[in-house]
Amino acid sequence: GDSVTQMEGPVTLSEEAFLTINCTYTATGYPSLFWYVQYPGEGLQLLLKATKADDKGSNKGFEATYRKETTSFHLEKGSVQVSDSAVYFCALSDPGTPLVFGKGTRLSVIA
Amino acid sequence: DAGVIQSPRHEVTEMGQEVTLRCKPISGHDYLFWYRQTMMRGLELLIYFNNNVPIDDSGMPEDRFSAKMPNASFSTLKIQPSEPRDSAVYFCASSLSDEGAWGETQYFGPGTRLLVL
C-alpha cells in the first residue's frame, strides 16, 4: 500500500539556519503530495502541496519539489525562525484513497 | 468561515465511562474524517464519511468506538466504555471534493484532548 517515510526528529536548529526535512513515498498511482504543519496545541494545517512531477509547492518561505524519479518531496526553508517550531507531516493522496501521513518531524528553532 | 469546530476541547473521565466527541465540519464540505494522535502511534485515521455516509471504518480500534454523521453539519465519535489506553488527542477534519480530485486538502479542527483515568 501507499506509504510515506520522513526523517526522524527531533530537529533542533538555530534561528536563520537552513532547514531540510526529507520525505520519500511509495504509491501505486500518481499521487498528490503535501506538507502539513502542526503548531503546539493546534490541529494540522496545510503548508504546501504539489500535484504533479516537477511542481514546486511554496508557502511562508517553505518549498518542496515533487520529484517523481526519486519519489521524494523534501521540505526546505532558507532561514528558519523561532515561530517555525512545530511538527511537520509529509503526506500523499492517491486518487480515491485517504491521505496517508508520515509520522511527523518535530522542529525546534532556538534563538 | 469558522473552520472545523470540535467540542469539548478537553475531556477527563474515568475508565468505564462513555465519552462523546463532537465535530462540526466546514459548511459545504462533503468529506469528514476522524483521527487519533498519540506519541506512540502518531496520527491514525479512524473513520471517514462522504456525504454523511461512512466509507471506511477499518481504522476504528474496536467495537467500543462508534461514529455517526446524522447530517452534513454534525458528527460524533463515541467511546463506550472508555479505557486508559484511549487517552489521546482526537481530531476531526473536513474537505471538499472537486472535479478529478478526492478532497485532498483537509482542514483540521483544534482537537479534543482526552484523558481516561
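Reading the values: the criteria
Residues numbered from 1 in each chain as written. Chains lettered and ligands numbered in written order. Predicted model: local features only at pLDDT ≥ 70, side-chain atom pairs only at ≥ 80, totals over all residues. Heavy atoms only, no water. Disulfide = S-S within 2.5 Å. Helix = DSSP H or I, 4+ residues; strand = E, 2+ residues; numbered from the N terminus. Buried < 20%, exposed > 50% of the residue type's maximum accessible area, 1.4 Å probe, protein only. Contact = heavy atoms within 4.5 Å. Buried area = accessible area lost by both parts, 1.4 Å probe. Salt bridge = Lys/Arg side-chain N within 4 Å of Asp/Glu carboxyl O. Polar contact = N/O pair within 3.5 Å; in protein donor to acceptor, adjacent residues only side chain to side chain. Nonpolar A, V, L, I, M, F, W, Y, C, P; charged D, E, K, R; others polar. Core = buried A, V, L, I, M, F, W, Y, C linked by side-chain atoms within 4.5 Å. Pairing = 2+ DSSP bridges. Axes fitted to C-alpha atoms, helices over the stretch in contact; angles between N-to-C directions.

Peer 1: Where do I start with the state of the cysteines in this structure?
Peer 2: Between two cysteines, a covalent bond joining their sulfur atoms is known as a disulfide. In total, this model carries two disulfides over all chains according to the counting rule given. For Cys23(A), the disulfide goes to Cys90(A), at an S-S distance of 1.9 Å. Negative torsions about the S-S bond denote left-handed disulfides, and the value of about -70° found for Cys23(A) with Cys90(A) makes this one left-handed. Here Cys90(A) lies in strand β10 (residues 86–93) and Cys23(A) lies in strand β4 (residues 23–26), a separation of 67 residues in the sequence. For Cys23(A), a relative accessible area of 1% corresponds to the buried category. The disulfide partner of Cys23(B) is Cys92(B), and the gap between their sulfur atoms is 1.9 Å. Judged by the sign of its S-S torsion, about -65°, the cystine formed by Cys23(B) and Cys92(B) is left-handed.

Peer 1: Explanation requested: the interface of chain B and chain A in the structure shown.
Peer 2: How big an interface is tends to be expressed through the accessible area that disappears when the partners come together. Chain B puts 14 residues into the contact, and the matching count from chain A is 17 residues. Contact between chain B and chain A buries roughly 1400 Å² in total, counting both sides, with carbon and sulfur atoms accounting for 56%. Run the count over chain B and chain A and you get zero salt bridges. Linking chain B with chain A are three residue pairs in polar contact (both at pLDDT 80 or more), by the criterion used here. For the side of chain B that touches chain A, the secondary structure elements donating two or more residues are β4 (31–38) and β5 (42–50) of chain B. Counting residues per element, the side of chain B that touches chain A draws most heavily on β5(B), at three residues. When its residues are assigned to classes, the side of chain B that touches chain A shows eight nonpolar, four polar and two charged.

Peer 1: I would appreciate a short explanation of the nonpolar core in the present structure.
Peer 2: The nonpolar side chains of a soluble globular protein tend to be buried, and buried together. Counting residues in hydrophobic clusters, the biggest one holds 26 residues, and the most contacted among them are Trp35(A), Leu47(A), Leu48(A), Phe73(A), Leu75(A) and Tyr88(A). Where this core is concerned, the elements lending two or more residues are β2 (11–14), β3 (19–21), β4, β5 (32–38), β6 (44–50), β8 (62–65), β10 and β12 (105–110) of chain A. Top element by residues in this core is β10(A). It accounts for four residues. When near neighbours in sequence (up to four residues on either side) are disregarded, Phe73(A) contacts Cys23(A), Leu33(A), Phe34(A), Trp35(A), Leu48(A), Lys49(A), Ala50(A), Ala64(A), Thr65(A), Tyr66(A) and Cys90(A). Counting residues in each nonpolar core, the second largest holds 21 residues, with Val19(B), Ala88(B), Tyr90(B) and Val116(B) among its members.

Peer 1: Hey, could you run me through the sheet that holds strand β9 (residues 75–77) of chain A in this one?
Peer 2: Strand pairing in a sheet is mediated by backbone hydrogen bonds. Such pairs are either parallel or antiparallel. All names here are of chain A. If you walk across this open sheet you meet the four strands as β3-β9-β8-β7, and the pairing is antiparallel. A strand with exactly one partner marks an edge of an open sheet, and here the two such strands are β3 and β7 (56–59). Each strand of the sheet is rotated relative to its neighbour by a mean of 15°, with strand direction disregarded.

Peer 1: Quick question: what am I supposed to make of the sheet that holds strand β7 (residues 65–71) of chain B here?
Peer 2: Residue and element names in this part refer to chain B. Strands sit in the order β1-β3-β8-β7 across an open sheet of four strands; the sheet is antiparallel. Only two strands of the sheet have a single partner each, and these edge strands are β1 (5–7) and β7. Shown here is a sheet whose adjacent strand axes are inclined to one another by a mean of 15°, direction ignored. Note that β7 and strand β8 (residues 74–79) share five bridges and pair antiparallel. Residue Ala67 lies in a different strand from β8, and its bridge partner there is Leu77.

Peer 1: I keep staring at the pairing of strand β11 (residues 112–116) of chain B and nothing clicks. Help me out?
Peer 2: Every other side chain in a regular strand lies on the same face of the sheet, so the side chains alternate between the two faces. Residues and elements named next belong to chain B. Of the two faces of β11, only one is covered, namely that formed by Thr112, Leu114 and Val116; the face formed by Arg113 and Leu115 stays uncovered. Taken together, the four bridges between strand β2 (residues 10–13) and β11 define a ladder with parallel strand orientation. Residue Val12 lies in a different strand from β11, and its bridge partner there is Leu115. Here strand β9 (residues 88–95) runs beside β11; their pairing, made up of three bridges, is antiparallel. Bridged to Val89 within β11 is Arg113.

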